[in-house]
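Listed below, chain by chain, are the residues.
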Amino acid sequence: MDRTTTIHLLSSPEQLLCPQQLLAPDWLMLAEGPRRGQAVLVVDGKFADVGPLPLLQARYPGHQVRRLEQQLLMPGFIDTHHHLSQSFGKGLVFGEPSEIFRRVWIPLEGSLDSQLLYLTSKLAAFESLRGGFTTVCDAGTRSMEGVDAIAKAVHEVGIRCVLAKTCNDLQGKQLLDARQILAVAERHLAQWNNDSLITPSLAVPIPEIATDSTLKAVYRLCEEAGRVFQSHVNEHLVAVERSLELYGVRPLEHLHRAGALGPAALLAHATLLTSSEICLLRDSGAAVSYNPVASAWKGNAVAQAHLMHCLGIPVALGTDGTRGDGFRLLDCAEAAQRFAHGIPVGDSVCGGGQLWLDMGTKNAAQVLGLGQVTGEISPGRAADFLLVDLAVPELLPSWNLTWDLVRLANRDQIQAVVVQGKVRLWHGWPTDWDARELMRQVDALARDIVSQAPIHKVHPLPSVA
């Protein structure tokens, strides 16, 4: 008996994931690229089977086939560098010179109590879901409230999160108790081992705020636990010069000298690398989070992401908390690479559309240590995916879907965001919690918090009549 149901635009989230059904989109984004005529079986929040539709129909004759015409089913985007606790201030940094963390983020995050940390993190996680991200990597908050409030927000929104605990033992001229810091770090790594959404991580935000012994110890904890060690390196010229003045080496070299540069390291930005540092990075096995929007808005350079990729350095995309929009991130990643490195040498390809899609999905999962969990549409991986409407004028006619997604696709085409087989967002809004109430709470509180925090902007905000 033919149990096929043909659907173009779904009218409710319940239609997407009913029990005992195969999803047969017009296009399926596989690890090798977009393919037609494919289907997926989702069981208990995972992809149970993937293959040609006739083959899966034969294997599962009792399962209803739900055809999704003019739809793309693709992996959710993965943000390898975010600051979930900074969403209240994301509009404060436009036009500001580099190192805004000293003038904006430290004062703002230091003003957050537990409830405010929860609200700002939930807002950021919600924005990420709206932009098609099913996983975010938080680089560690400067709030003294810790990470429990962030974890609560992540669970309620339903997004996957690599959640870092900051572990620096230098605070200005004050030397903190490294033994206590490392004990807290160990507890953090163990606390989330059985959590379905949270993967623990440790971070030293910049190498200069930790002693070499602590840098090495924190890195070793991550390496032994199979988790990611995070740090910002070589992002701004002033930071590179300060490191040279204080330590005689550049930030990346500082990590290497301390014994904290290796396969467990995920380095954000890495925009100002010498030739010898690129070789050092390649030989270390460390990964890089390429943050092109951050380079455009507040950076001094654009990371040589394509060159790093060609040298075998693991590279993936991150937003740096700038804006939670996956398709615009792809566009900016390719465009920044072209402007900074492609045009000067006549490279009109700069890796091609598939490379940037991979950097935003499967490559990103791999650098976070989640390559066996998410990032691909394949059996055994979590059912973290997007349903994207292709029936829009921007994508017609389509000659190369990967390039089209990088340069032409928009967030408003995302019909559904699914994490672990559950529809988390439907046409941009949650299915099981009140996002508009969250927005009302944030609107009522954020302005007061920002006005009270000791923030210093070089270019003050315009006065409001």
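Per an unreviewed UniProt entry, the protein carries the name 5-methylthioadenosine/S-adenosylhomocysteine deaminase and comes from Pseudomonas fluorescens. Taken directly from UniProt, the Sequence similarities (unreviewed entry) text for the protein runs: "Belongs to the metallo-dependent hydrolases superfamily. ATZ/TRZ family."

Turning to the domain arrangement of the protein, a few remarks are in order. Under the domain assignment used here, the protein contains domain 1 (18-75 + 378-430) and domain 2 (77-368). For domain 1 and domain 2, the distance between their C-alpha centroids amounts to 29 Å. Each partner contributes to the interface: domain 1 provides 29 residues, whereas domain 2 provides 28 residues. Taken together, the two surfaces of domain 1 and domain 2 that pack against each other cover about 2,400 Å², and 62% of this comes from carbon and sulfur.

A word on the packing of helix 6 (residues 212-225) against helix 8 (residues 251-258). Between helix 6 and helix 8, whose axes approach to 8 Å, the crossing angle comes to 75°. In terms of their interaxial angle, helix 6 and helix 8 are classed as roughly perpendicular. Along its contact with helix 6, which presents Asp 212, Leu 215 and Lys 216, the element helix 8 presents His 254, Leu 255, Arg 257 and Ala 258. Residues of the contact of helix 6 with helix 8, tallied by class, amount to three nonpolar, one polar and three charged.

Let us now look at the pattern of salt bridges. Scanning all chains against the criterion turns up 26 salt bridges. The partner of Arg 338 in a salt bridge is Glu 334, and the shortest N-O contact between them spans 2.8 Å. Highlighted residues: Arg 338 and Glu 334, both in helix 12 (residues 326-342), separated by four residues, approximately one helical turn. By relative accessible area, which is 16% here, Arg 338 ends up buried. Put simply, Arg 440 and Glu 437 hold a salt bridge, and the shortest N to O gap is 3.0 Å. Taken together, the residues span about one helical turn, with Arg 440 and Glu 437 both in helix 16 (residues 435-452) at a distance of three residues. According to the relative accessible area criterion, Glu 437 is partly exposed, its value standing at 31%. Each member of the salt-bridge network shares a partner with another, and the members are Glu 99, Arg 102, Glu 208 and Arg 242.

What follows is about helix 12. Helical geometry note: an α-helix holds 3.6 residues per turn, so side chains three or four residues apart project in the same direction. Spanning 17 residues, helix 12 covers 22 Å between terminal C-alpha atoms, matching the ideal 24 Å at 1.5 Å per step. Within the sequence span of helix 12, burial applies to Gly 326, Phe 327, Leu 329, Leu 330, Cys 332, Ala 333, Glu 334, Ala 336, Gln 337, Arg 338 and Gly 342. The N-capping residue of helix 12, defined by a side-chain oxygen 3.4 Å from the backbone nitrogen of Phe 327, is Asp 325.

Scoring rules and cut-offs
- Residues numbered from 1 in each chain as written.
- Predicted model: local features only at pLDDT ≥ 70, side-chain atom pairs only at ≥ 80, totals over all residues.
- Heavy atoms only, no water.
- UniProt positions renumbered as here; feature names shortened; annotations may be inferred.
- Domains from an automatic or database assignment.
- Contact = heavy atoms within 4.5 Å.
- Buried area = accessible area lost by both parts, 1.4 Å probe.
- Axes fitted to C-alpha atoms, helices over the stretch in contact; angles between N-to-C directions.
- Helix = DSSP H or I, 4+ residues; strand = E, 2+ residues; numbered from the N terminus.
- Parallel < 35°, antiparallel > 145°, perpendicular 65-115°, else oblique.
- Nonpolar A, V, L, I, M, F, W, Y, C, P; charged D, E, K, R; others polar.
- Salt bridge = Lys/Arg side-chain N within 4 Å of Asp/Glu carboxyl O.
- Buried < 20%, exposed > 50% of the residue type's maximum accessible area, 1.4 Å probe, protein only.
- Expected span 1.5 Å × (residues − 1).
- Polar contact = N/O pair within 3.5 Å; in protein donor to acceptor, adjacent residues only side chain to side chain.

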